[in-house]
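Survey of secondary and tertiary structure
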Amino acid sequence: MYTQAMDTMGKDRDDAPRPHGSPEDAERQVRFDERIDAGEFIEAKDWMPENYRKTLVRQISQHAHSEIVGMLPEGNWISRAPTLKRKAILLAKVQDEAGHGLYLYAAAETLGVSRDQLYEALHSGKAKYSSIFNYPTLSWADMGVIGWLVDGAAIMNQVPLCRCSYAPYARAMVRICREESFHQRQGFEALLTMMTHGTEAQKEMVQDAVNRWWWPSLMMFGPPDSESPNSEQSMRWGIKRISNDDLRQKFVDAIAEQAKILGVSLPDPELRWNEARDHWDFGPIDWREFWQVVGGEGPCNRERLAARVKAWDDGAWVREAALAHADKQAHLREAA
Amino acid sequence: MSPAVTPGTIPGPPAEPMARGREKNEWPLWEVFVRSKAGLDHKHCGSLHAADPQMAIQLARDVYTRRQEGTSVWVVRSDQITASDPGEKASYFDPMEDKVYRHPTFYVLPKSLDHM
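Reading guide: rules and limits
- Residues numbered from 1 in each chain as written.
- Chains lettered and ligands numbered in written order.
- Predicted model: local features only at pLDDT ≥ 70, side-chain atom pairs only at ≥ 80, totals over all residues.
- Heavy atoms only, no water.
- Helix = DSSP H or I, 4+ residues; strand = E, 2+ residues; numbered from the N terminus.
- Rg over C-alpha atoms; globule rule 2.2 N^0.38 Å.
- Buried < 20%, exposed > 50% of the residue type's maximum accessible area, 1.4 Å probe, protein only.
- Contact = heavy atoms within 4.5 Å.
- Areas by Shrake-Rupley, 256 points an atom, 1.4 Å probe, with all protein chains shown as cover.
- pLDDT = per-residue confidence, 0-100.
- Buried area = accessible area lost by both parts, 1.4 Å probe.
- Salt bridge = Lys/Arg side-chain N within 4 Å of Asp/Glu carboxyl O.
- Polar contact = N/O pair within 3.5 Å; in protein donor to acceptor, adjacent residues only side chain to side chain.
- Nonpolar A, V, L, I, M, F, W, Y, C, P; charged D, E, K, R; others polar.
- Patch = residues over 30% accessible without salt bridge, like charges linked within 9 Å, V, L, I, M, F, W, Y side chains within 5 Å.

Regarding its fold elements, chain A presents 13 helices and 2 strands. Taken over the C-alpha trace, chain A has a radius of gyration of 22 Å; the compact-globule value for 336 residues is 20 Å, and the two agree within 12%. In terms of its C-alpha atoms, chain A occupies a principal-axis envelope of roughly 65 × 60 × 35 Å. For chain A, buried positions account for 54% of its 336 residues. For chain A, restricting intrachain contacts to residue pairs at least 6 apart in sequence, the fraction spanning at least 24 positions comes to 80%. With the model as given, the accessible surface of chain A reaches about 15200 Å², and the carbon-plus-sulfur share is 55%.

Pasting the structure below:
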């Protein structure tokens, strides 16, 4: 999976810090801060500041939505996978994304929102999901590149979340991270197969996919630190552990080396090893594109949301029938 | 019932009645417990929504045991679980803190008896 638009520079926030309510709340706040400082986990029923709760609901639900919407670009290739083996792998991966979405929705629900409220926020366009899924999957190589770059970026983002201060979220992330590494490895292996044994056309297809997904993958880490005023609060709360820019650098350093093994180039003329920094330097990111996609103007925003809403609406009769059946069975048991 | 106990509150938010979900036609919430292998306890591993017990068991298999994590699954309606109140944690559990004599290490015995 895929975290990211999580910290969108306050553009979707309605919860600027407010003064505390009662003296009891002020006291609880002090106790809460002490627990955070001591590295303790916060459980669902523990007292927590309202902004902490809201921040988590937003972040966890965005994360869940990303898993669910993330099934669509890959689902596009299930029926067109080149071999039965690749098809089985892709099916398993897409099923994992559904599972990850469900773990995360359940974690969000512990904070006092219902599943229907979360879906409603997604379907009405109110809630965000990772902007990466608003790009189209044009060739089979995109499946490999999504595994390598998109899931690779997601893993960078998610590993620190396993130590998030909110325990139900942290537990979901542990489970997700355990399953995620298969996603990245299968992607790299699919690409490596084409780069090693493929035709010239197949190699070009891989390079083309890398060219299209590289910059959007870098955007997955969110806006630069200088423009993420809310990051500091999330760090204070132990929700976020590593800054956007630090994670992005870590990702570039890892991928630049892996690209050599794969035998592809990355579409950045400014990408070069910097001995003094002990890191790879890279060129400027087009943040205008990022905000455009987050704002609903990416290549596939409307298509993705429409597919989700249609699936939900088409399933309405199944949900109702299952409930009616359950009620009927319950009555029969009572009568017996 | 002790005041330290609040019924039907795991793992949901404070006093979230299941009935609210039903009014909106939401499938009820279930807690899932998985036994990873014979000889071990069932352990809580998460929750899910399902219309009835059979569906809850089937979904639990698909959501929580895709990689052979289990040999047995239990599901329990979340509103059927009674939990201790975290607000009362200190008064409820701390009294055990000063009862060190309940632990074997409290008793100092001759070296020759160390394994007792």
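Once the structure has been displayed, the description carries forward.
Moving on, we get to the confidence of the model for chain A. When the pLDDT values of chain A are averaged, the result is 92; 94% of them are 70 or greater. Counted against residues more than four places away or in other chains, residues 1–16 of chain A, with its pLDDT under 50, gives 68 contacts.

To continue, consider the interface of chain A and chain B. Tallying the contact residues gives 30 residues for chain A and 27 residues for chain B. Buried surface at the junction of chain A and chain B, both sides included, amounts to about 2400 Å², of which 49% is carbon and sulfur. When the area that chain A buries against chain B is broken down by residue, the three leading residues are A:Lys45, A:Arg175 and A:Leu323, summing to 26%. The shortest N-O distance in the salt bridge between B:Arg66 and A:Asp96 comes to 2.8 Å. Our enumeration of links across chain A and chain B arrives at 9 residue pairs in polar contact (both at pLDDT 80 or more). Elements supplying a minimum of two residues to the side of chain A that touches chain B: helix H4 (84–109), helix H5 (115–123), helix H7 (167–197) and helix H13 (316–335) of chain A. A class-by-class count of the residues in the side of chain A that touches chain B yields 10 nonpolar, 8 polar and 12 charged.

So, on to the side chain of A:Asn274. Residues and elements named next belong to chain A. Position of Asn 274 among the secondary structure elements: in strand E1 (residues 272–274). A polar atom in the side chain of Asn 274 sits 3.0 Å from the backbone nitrogen of Ala 276. Setting aside residues no more than four positions away along its own chain, Asn 274 makes contact with His 279 and Asp 281.

All names here are of chain B. A cluster of nonpolar side chains, Val 100, Tyr 101, Phe 106, Tyr 107, Leu 109, Leu 113 and Met 116, forms an exposed patch at the surface whose accessible area comes to about 730 Å². Secondary-structure assignment places Tyr 107 in the segment after helix H3 (89–93). A residue is classified by how much of its surface remains accessible, and Tyr 107, at 46% relative accessible area, is partly exposed.

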